[in-house]
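What the coordinates show
Now for the letters of each chain:
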Amino acid sequence: MTAIQAWFEECRSGAASLHKDCQPAPCTPPRLISVGLGGTTPRLVQPSPGERVEYTALSYCWGSNPPIRTMKSTLPVFSDELALDQLPKTFTDAIQITRALGIPYIWIDALCIVQDDSEEWQAVAAKMDSVYLGSQLTIAAAQTANSFYGCLNSDPLLDGVHHHEDDMFFRTPSLPGTDEQLLVRVYTADPRSRIQKTPLGDRGWTLQEHLLSHRTAFCMRPEVYWGCQASYQSQCGLHLTSDEIARGETTLPLMRGSNTATPLTSSDWHRVCAMYSRRDLTFPRDRIPAIAGITRYFAERMERRPIVGLWEETFSRDLAWVRASRHIMPKFSSLTDSVPSWSWLACPSSVYYPLDLDSAGGRVEHVKLVEWDVKWEVRVV
Ligand SMILES: [Zn+2]
C-alpha cells in the first residue's frame, strides 16, 4: 500500500514534467462506487454528465463463481449502501487502496454496470476505452483467477524465494563481523512480461484495460509493480525509465502516452491482434465486445473505419494474418457462424502478422475496397 501511495504521488505531482503524459483523460462514467471517504457510507452513485470525478478502476478475473453483481433488483439496495463485508476481498482491497490515495470513487464492472440490463451493458462496453483512459489508477489484481483472493497478499522478500521460478536468487556469505546475509534477486526476463503469465494476463477483457490505462498498479506475487507512461517500478527497487520502456517489445505507442505525437500504425494494431487472439474469454460471444474499446481508440487516432477486426483503409493488408498455432480454443470454433471467416476474430486459435506491412516503401496497392457493409444483430443468449 505504501509503495503504491508513493508511486502515485510521484506520478501525479510530476504532471508538469516527467509524468506529463500520465494524466488521465477526463471521463465521467455513468455509475461509480463512492468508497466512503470521510466516514460516509460506501454506495453506488450516478455522477451528473460531464461532472469532473476522480476514480480508480479495478481489473480482475471474474472466475467461474461470478462475484456479487448489481442487478435491476439489487440496484436500489446498493445505491443506498454497499456493505463491505458482503464484497469479495479483491473488491475491498481495491476500495482500501482507493481510500488510501484520497480518491473518492472506484469503478468495478460487476457493480457499476447493471448486469441484467443488456442495453446498459452494451452502451458501457462500447465506451470501455473512456473508462480506463479516464481512471486515475487501474488496480490490476493479477495473481488470482477469481475475485476472492485480494490484491495485497505479497511479501516481497519472503514470498519471492518460493514463488518466482522466473527469477534467480542466491544468498551472499555472511557480512563481515555479523551473521547477516544478503538475499540477491536477479530478474532473468523483462519484468513487464510477467503480467502475461498471470491469470489476469490470459483474459481477453483485460488487454484493453491495461493498454489504455495511464497508470496501473500490478498486484502480483511476490510484489507490486507500477507502470505509468514515464516509469516502470517494482517494490524491490527495479526502475525502468521512459527511454527503457520505449525500447521494450511489449510497449505500444499508446502505452507511452495518449498525448504523445507518436502515431499509431497498422503494425501496432497487428500486435494488438496477436496479443488478443491468445487470450481466453468466459463467453465466446464477448470476443468482439472485449476489444471494442481499443478498436474505438485506434479508430479515432488512426482516422480509419473498423471492419470486424480489420480496417477499411488497409483492408487488403489486414487480410494477411496467419494462424500461429495448432492449438485450438474449442469455445471459439462456433464463431464462424456469426463472424466472417476472413476476419482473424473468427479464428479459434492465436494469430499473427508475419510481414511488417507499415514499411511499404514503393509498394503499389493493387486492391481497393469498393463497397462493404456489416450488419450487427443482437442475439439474446
Ligand atoms: Zn507517471
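Refer to the structure presented above.
None of these values were measured; they are calculated from a predicted model. (Residues numbered from 1 in each chain as written. Predicted model: local features only at pLDDT ≥ 70, side-chain atom pairs only at ≥ 80, totals over all residues.)

With respect to the packing of helix α8 (residues 204–212) against helix α11 (residues 292–302)
Basically, it comes down to this: Only the stretch in contact is used when a helix axis is fitted, and all axes are lines through C-alpha atoms; the angle between N-to-C directions ranges over 0 to 180 degrees. Starting at the N terminus, helices and strands are each numbered in turn, a helix being any DSSP run of H or I of at least four residues and a strand any DSSP run of E of at least two. Angular relationships are summarised with four words: roughly parallel below 35 degrees, roughly antiparallel beyond 145, roughly perpendicular across 65 to 115, and oblique for the angles in between. Working definition of a contact: two residues with C-beta atoms, positioned from the backbone, lying within 7 Å. When residues are sorted by character, Ala, Val, Leu, Ile, Met, Phe, Trp, Tyr, Cys and Pro go into the nonpolar class, Asp, Glu, Lys and Arg into the charged class, and all the rest, Gly among them, into the polar class.
Look at α8 against α11: their axes get within 8 Å of each other, and the N-to-C directions meet at 40°. In terms of orientation, α8 lies oblique with respect to α11. Across from Gln208, Leu211 and Leu212 in α8, the residues of α11 making contact are Gly293, Ile294 and Tyr297. Across the contact of α8 with α11, the residue classes break down as 4 nonpolar, 2 polar and no charged.

Considerations on helix α3 (residues 89–100)
Note the following rule: One fewer than the residue count of a helix, multiplied by 1.5 Å, yields its expected span. Around each residue's C-beta, the other C-beta atoms within 10 Å are counted; 20 or more make the residue buried, 12 or fewer make it exposed, and counts in between make it partly exposed. All C-beta atoms are placed from the backbone.
The end-to-end C-alpha separation of α3 is 16 Å, in line with the 16 Å expected for 12 residues at 1.5 Å each. The set of residues buried in α3 consists of Thr90, Phe91, Asp93, Ala94, Ile95, Ile97 and Thr98. Tucked inside the fold, the buried residues of α3 contact α1 (2–13), β3 (55–59), β4 (105–107) and β5 (137–141). A positive backbone phi angle near 75° is found at Gly102, which sits one or two residues after α3.

Here's the deal with the nonpolar core
Stated formally: For our purposes the nonpolar core covers buried Ala, Val, Leu, Ile, Met, Phe, Trp, Tyr and Cys residues that link as a set through C-beta atoms within 7 Å. In this entry, domain limits derive from an automatic or database-based domain assignment.
With 71 residues, the main nonpolar core has Ile33, Ile106, Ile139, Ala141, Ala217, Phe218 and Cys219 as its most contacted residues. In this structure, this core is formed jointly by two domains, domain 1 (2–155 + 198–257) and domain 2 (263–381), each of which donates at least three residues. If sequence neighbours within four positions are ignored, Ile106 has contacts with Leu32, Ile33, Val35, Tyr55, Thr56, Leu58, Ala94, Ile95 and Thr98.

Brief notes about the environment of Pro24
Tracing the backbone through its elements, the reader meets Pro24 in the loop between α1 and β1 (32–34). In the structure, Pro24 is positioned 112 residues away from Gln136 in sequence and 6.0 Å away in space, judged by C-alpha atoms. Once residues within four sequence positions are removed from consideration, Pro24 is found in contact with Leu133, Gly134, Ser135, Gln136 and His214.

Some words on the sheet that holds strand β9 (residues 224–228)
Using the following cut-off: When DSSP finds two or more bridges between a pair of strands, those strands are recorded as paired.
In spatial order, the strands read β2-β1-β4-β3-β5-β8-β9-β10-β11; together these 9 strands make up an open sheet with mixed pairing. Here the strands that pair on one side only, and so sit at the sheet edges, are β2 (43–45) and β11 (239–241). The mean inter-strand angle of the sheet, taken between neighbouring strand axes irrespective of direction, is 25°. Where β1 meets β4, 2 bridges bridge the pair, whose relative direction is antiparallel. In the sheet register, Ile33 faces β4, and the bridge partner there is Ile106. Sitting on the sheet, α1 touches β5, β8 (215–219), β9 and β10 (231–234), and the angle it makes with β9 is about 10°.

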